[in-house]
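Each chain, letter by letter, is given below.
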Amino acid sequence: MSSGSIASRYAKGLFEFCQENNELESIYPIIRHLLEILSKESKLHEVLEDITLTPDEKISLIERVSGNTLPKTLKQFIALIIKKNRTDILFNVLLIFRRIYLNSKNILDVELLVADELTSPALEKIKAKVANTLNSVCEIDVKVKPELIAGYTLIVNGKVFDSSIKGQLSSVKKNLLEKKFDNR
């Protein structure tokens, strides 16, 4: 069985358990916070997979980096994954849980890549514009990517809308190369 299907089973199990116990709304923000931490701190993955650490030390570490906000259900779930030596799939389990949650609430998953940090008013304006344009509730994750030079790239449920300078330069390059080979 692949690690992807195992992660999916764990995520579905956690989702269903939280749903049955009316804990989805309290656990989802914490899972989202953990995902942000795990995606920013690549060293944390290595530490969590370190075989010299005990499961209790790993659980304690996750609690500390999350700000000691783990509800009992989530703490027990993470402990189960760690004690079953499945720490390597924890991030994927949380990602899949997030996707299941968003689908269940009909919320679009939107990623906004920008060249520079956005101010809060600018971000709120963009969120409102995206939600209005897509005629849907959206959850927008913003990531700063200086290599875009200027502009933005919007990724909505896997579809890419690129309005960055980098994207436009790539498009021009591609067109020039195609014309060069067409003229031969």
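For the structure itself, consult the block above.
For clarity, every value in this text was computed on a predicted model and none was experimentally measured.

Criteria and cut-off values
- Residues numbered from 1 in each chain as written.
- Predicted model: local features only at pLDDT ≥ 70, side-chain atom pairs only at ≥ 80, totals over all residues.
- Heavy atoms only, no water.
- Helix = DSSP H or I, 4+ residues; strand = E, 2+ residues; numbered from the N terminus.
- Buried < 20%, exposed > 50% of the residue type's maximum accessible area, 1.4 Å probe, protein only.
- Polar contact = N/O pair within 3.5 Å; in protein donor to acceptor, adjacent residues only side chain to side chain.
- Contact = heavy atoms within 4.5 Å.
- Core = buried A, V, L, I, M, F, W, Y, C linked by side-chain atoms within 4.5 Å.
- Axes fitted to C-alpha atoms, helices over the stretch in contact; angles between N-to-C directions.
- Parallel < 35°, antiparallel > 145°, perpendicular 65-115°, else oblique.
- Nonpolar A, V, L, I, M, F, W, Y, C, P; charged D, E, K, R; others polar.
- Pairing = 2+ DSSP bridges.
- Expected span 1.5 Å × (residues − 1).

S.K.: Before we move on, could you go through the side chain of E139 and cite the residues and values that matter?
M.R.: Relative to the elements of secondary structure, E139 occurs in strand β2 (residues 138–144). A relative accessible area of 10% places E139 in the buried class. At 3.2 Å, the side chain of E139 forms a polar contact with the side chain of R32. With residues near it in sequence (within four places) discarded, E139 still touches Y28, R32, R98, L102, I107, L108, D109 and V110.

S.K.: Account for the nonpolar core, with residues named and values stated.
M.R.: Membership of the largest hydrophobic core comes to 38 residues, with the highest contact counts inside it found for I31, I62, L74, I78, V93 and F97. Secondary structure elements with two or more residues in this core: α1 (3–20), α2 (24–40), α3 (42–48), α4 (55–66), α5 (72–83) and α6 (90–104). Considering every element that reaches this core, the biggest residue donor is α2, with nine residues. The contact partners of L74, leaving out residues within four places of it in the chain, are L14, I27, I30, I31 and L34. Counting nine residues, the second largest nonpolar core, distinct from the first, contains V110, L112, I140 and L154.

S.K.: Now, about the packing of α2 against α5: what can you tell me, with residues and values included?
M.R.: Running from N to C, α2 and α5 cross one another at 45 degrees; their axes reach a closest spacing of 10 Å. Put simply, α2 runs oblique to α5. Counted together, I27, I30, I31 and L34 of α2 and T73, L74 and I78 of α5 form the full contact between these two elements. Its residues assigned to classes, the contact of α2 with α5 shows six nonpolar, one polar and no charged.

S.K.: Describe the environment of L95, with residues and values.
M.R.: Along the polypeptide, L95 turns up in helix α6. Among the residues examined, L95 registers a relative accessible area of 35% and is labelled partly exposed.

S.K.: Any details on the side chain of T153? Residues and values, ideally.
M.R.: Within the element layout of this structure, T153 appears in strand β3 (residues 152–156). Those residues in contact with T153, other than ones at most four positions away along the chain, are E111, L112, L113, L148, V160, F161, D162 and S164.

S.K.: Tell me what's going on with the sheet that holds β2, and back it up with residues and numbers.
M.R.: Pairing is mixed across the open sheet formed by four strands, whose spatial order is β2-β1-β3-β4. In this open sheet, the two edge strands, each paired with only one partner strand, are β2 and β4 (159–162). For this sheet the average axis-to-axis angle between neighbouring strands, irrespective of direction, equals 20 degrees. Inspection of the sheet shows strand β1 (residues 108–114) paired to β3 by five bridges, in the antiparallel sense. Bridge pairing links V114 to Y152 in β3.

S.K.: A description of α5 should follow, citing residues and the corresponding values.
M.R.: Look at α5: 16 Å from first C-alpha to last across twelve residues, which is about the 16 Å you get at 1.5 Å a residue. Taken as a whole, α5 has its buried residues at T73, L74, F77, I78, A79, I81 and I82. Directly after α5, the chain includes N85, whose backbone phi takes a positive value near 55 degrees.

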